Structure formats: structure tokens, C-alpha cells
Amino acid sequence: MPPVMNPKVPIIWVLGGPGSGKGTQCDKIVEKYGFTHISTGDLLRNEVASKSDRGKALEATMKEGLLVSTDVVMELLAEKIKKEMNTAKGFLIDGYPREVEQGRQFERDIGQCDLVLYFECKDETLISRLLHRAKTSGREDDNEETIKKRLNTFHTHNDPIIQEFTSKTKRVDAEGTVDVIFGQVVSAIDAISK
């Protein structure tokens with residue numbers, strides 16, 4: 001499939017461990033810059049909810065606990081980006097790519113990423129934040145044993161992505177307050193917008 005992106009519109013990948021504040025920062029970026037926020041998880045859930053043939057196949061895959069193929073995720077991303085391209089001021093792609101090959105395929109099939117925002121946080125901080133969230137979230141995966149497994153999986157897949165796309169990566173110290181962290185984000189986005 002030919003690249004679909006308008007090169008004048010920035011594409012930003014947002015990476016960080018569970019509890020690093022990606023969601024909070026994405027909300028603030030959308031508010032300030034008006035970028036289109038795309039979560040691959042939401043795209044998959046919406047496709048399942050649509051009850052399309054592809055959605056039914058995805059649901060079966062997800063119920064088996066299997067990973068959805070990169071090609072399907074790429075199709076959904078490309079469709080969403082094409083749909084939003086004429087009005088988008090930029091694209092924030094949250095929690096993507098999950099592995100190096102997804103990033104390479106995105107740049108080959110959809111368009112070049114301009115910036116990788118990597119919210120860097122100590123594991124102890126992430127565990128503490130998630131355990132605090134667990135008091136009110138009701139999420140079954142917010143327990144210490146599962147959190148440690150999720151962090152291990154995150155590091156295994158994320159570290160090679162950061163190495164592969166190091167020239168585009170802005171490491172954001174995600175240990176501080178929301179506003180201090182956002183100050184770093186604004187600097188990084190403004191630097192690619194000039």
C-alpha cells in the first residue's frame with residue numbers, strides 16, 4: 001500500500017511503561033496542539049464492536065489471548081489516518097509501535113515518524129503509581145506480580161525500539177509533576193514544528 005501521510009503533518013509515537021503518564025500527557029497535547037490521538041487498542045476494540053467480519057475475526061483472536069497480526073493493526077491505523085488526514089493538525093499514536101518491525105512497517109507503508117516521545121520512569125515509580133491506581137481502578141492487572149510481568153514485557157520490546165529510532169527519540173523524564181513533564185513535551189514538539 002502506498003504511503004498515506006501528508007508530510008506536513010507531524011506524526012508522533014508515544015511510548016512509556018504502564019503508569020508513565022502517557023494518557024495524561026496525550027490529553028494535554030491534544031488540548032494544546034489539537035492533534036488527532038490514536039490508540040491502537042481503541043481501534044481494535046472499535047472494530048470488534050462494529051461486528052464487521054474483520055471485527056469478528058479480531059474478537060476470536062483476542063479471546064484466545066493471541067496478539068493481533070501487525071498487518072491488521074497497520075490496516076486499521078492506515079484507515080484511521082486516511083479518514084482524519086484532511087483535518088488533522090498532527091497524529092499522536094499512543095503505545096505504538098510495540099516492537100521494532102511494527103515501526104519499520106509503519107514508516108514503509110504509512111509515513112515517516114517525526115518524533116518518538118519516550119516517557120522514562122524508574123520501575124519502582126511505575127509500580128508505586130499502578131498500585132496507587134489499583135485502589136480505585138478495579139483493574140485485575142493492577143497487582144504487584146502482574147505489574148512486574150508487564151514491565152518486563154515492556155522493557156523487552158521497548159528498548160530495541162528506542163535503539164532503532166534513537167535519532168527521533170526524545171526521552172522525557174516522567175518522574176516529575178504533570179506540568180513539569182508537559183514542559184519537556186512542549187519543548188520536544190515545538191522543536192519539530194519549526
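Right above here is the structure, for reference.
Residues numbered from 1 in each chain as written. Predicted model: local features only at pLDDT ≥ 70, side-chain atom pairs only at ≥ 80, totals over all residues. Heavy atoms only, no water.

Chemist: Can you help me understand the packing of helix 1 (residues 22–33) against helix 8 (residues 178–193) in this one?
Modeler: Helices that pack against each other are described as a pair by the angle of their axes relative to one another and the distance between those axes. Contact pair helix 1 / helix 8: the axes reach a minimum separation of 10 Å and the direction vectors enclose 55°. Judged by the angle between their axes, helix 1 and helix 8 are oblique. As helix 1 runs across helix 8, the sense of the crossing is right-handed. For the pair formed by helix 1 and helix 8, the contact residues are Thr24, Gln25, Lys28, Ile29, Lys32 and Tyr33 on the first element and Val178, Asp179, Ile181, Phe182, Val185, Val186, Ile189 and Asp190 on the second. Across the contact of helix 1 with helix 8, the residue classes tally to eight nonpolar, two polar and four charged. (Axes fitted to C-alpha atoms, helices over the stretch in contact; angles between N-to-C directions. Helix = DSSP H or I, 4+ residues; strand = E, 2+ residues; numbered from the N terminus. Parallel < 35°, antiparallel > 145°, perpendicular 65-115°, else oblique. Left-handed = near helix turned anticlockwise from the far one by under 90°. Contact = heavy atoms within 4.5 Å. Nonpolar A, V, L, I, M, F, W, Y, C, P; charged D, E, K, R; others polar.)

Chemist: Please explain the pairing of strand 1 (residues 11–16) as it appears in this structure.
Modeler: On a regular strand, each side chain points to the face opposite its neighbour's, so the side chains alternate between the two faces of the sheet. Across the six residues of strand 1, six count as buried, placing the element largely inside the fold. Side-chain alternation along strand 1 places Ile11, Trp13 and Leu15 on one buried face and Ile12, Val14 and Gly16 on a second face that is also buried. Here strand 1 runs beside strand 3 (residues 91–94); their pairing, made up of four bridges, is parallel. Note on strand 3: the bridge partner recorded for Ile12 is Leu92. Bridge count for strand 1 against strand 4 (residues 115–120) is five bridges, and the pairing is parallel. (Buried < 20%, exposed > 50% of the residue type's maximum accessible area, 1.4 Å probe, protein only. Pairing = 2+ DSSP bridges.)

Chemist: Which parts of the structure should I look at to understand the sheet that holds strand 4?
Modeler: Strands in a sheet are paired, the pairing made by backbone hydrogen bonds, and the direction either parallel or antiparallel. Read from one edge of the open sheet, five strands run 2-3-1-4-5, paired in parallel fashion. Unpaired on one side and paired on the other, strand 2 (36–39) and strand 5 (169–173) mark the two borders of the sheet. Across this sheet, the average inter-strand angle for adjacent strands is 25°, counted without regard to direction. Here strand 4 pairs with strand 5 via five bridges, running parallel. Across the sheet, Tyr118 pairs through a bridge with Arg171, a residue of strand 5. Seen against the sheet, helix 8 touches strand 1, strand 4 and strand 5 and runs at an angle of roughly 165° to strand 5.

Chemist: Looking at this structure, I do not really get the environment of Ala49. What am I missing?
Modeler: Structurally, Ala49 can be placed in helix 2 (residues 40–49). On a C-alpha basis, the gap between Ala49 and Glu59 in space is 8.9 Å, while along the polypeptide they are ten residues apart.

Chemist: Where do I start with the state of the cysteines in this structure?
Modeler: Two cysteines form a disulfide when their sulfur atoms are joined by a covalent bond. Under the definition given, this model contains zero disulfides. With no disulfide of its own, Cys113 lies closest to Cys26 among cysteine sulfurs, the gap being 13 Å. Just so you know, Cys121 is unpaired, no disulfide at all, and the nearest cysteine sulfur is the one on Cys26, 15 Å from it. (Disulfide = S-S within 2.5 Å.)

Nothing here speaks to function; it is all geometry.
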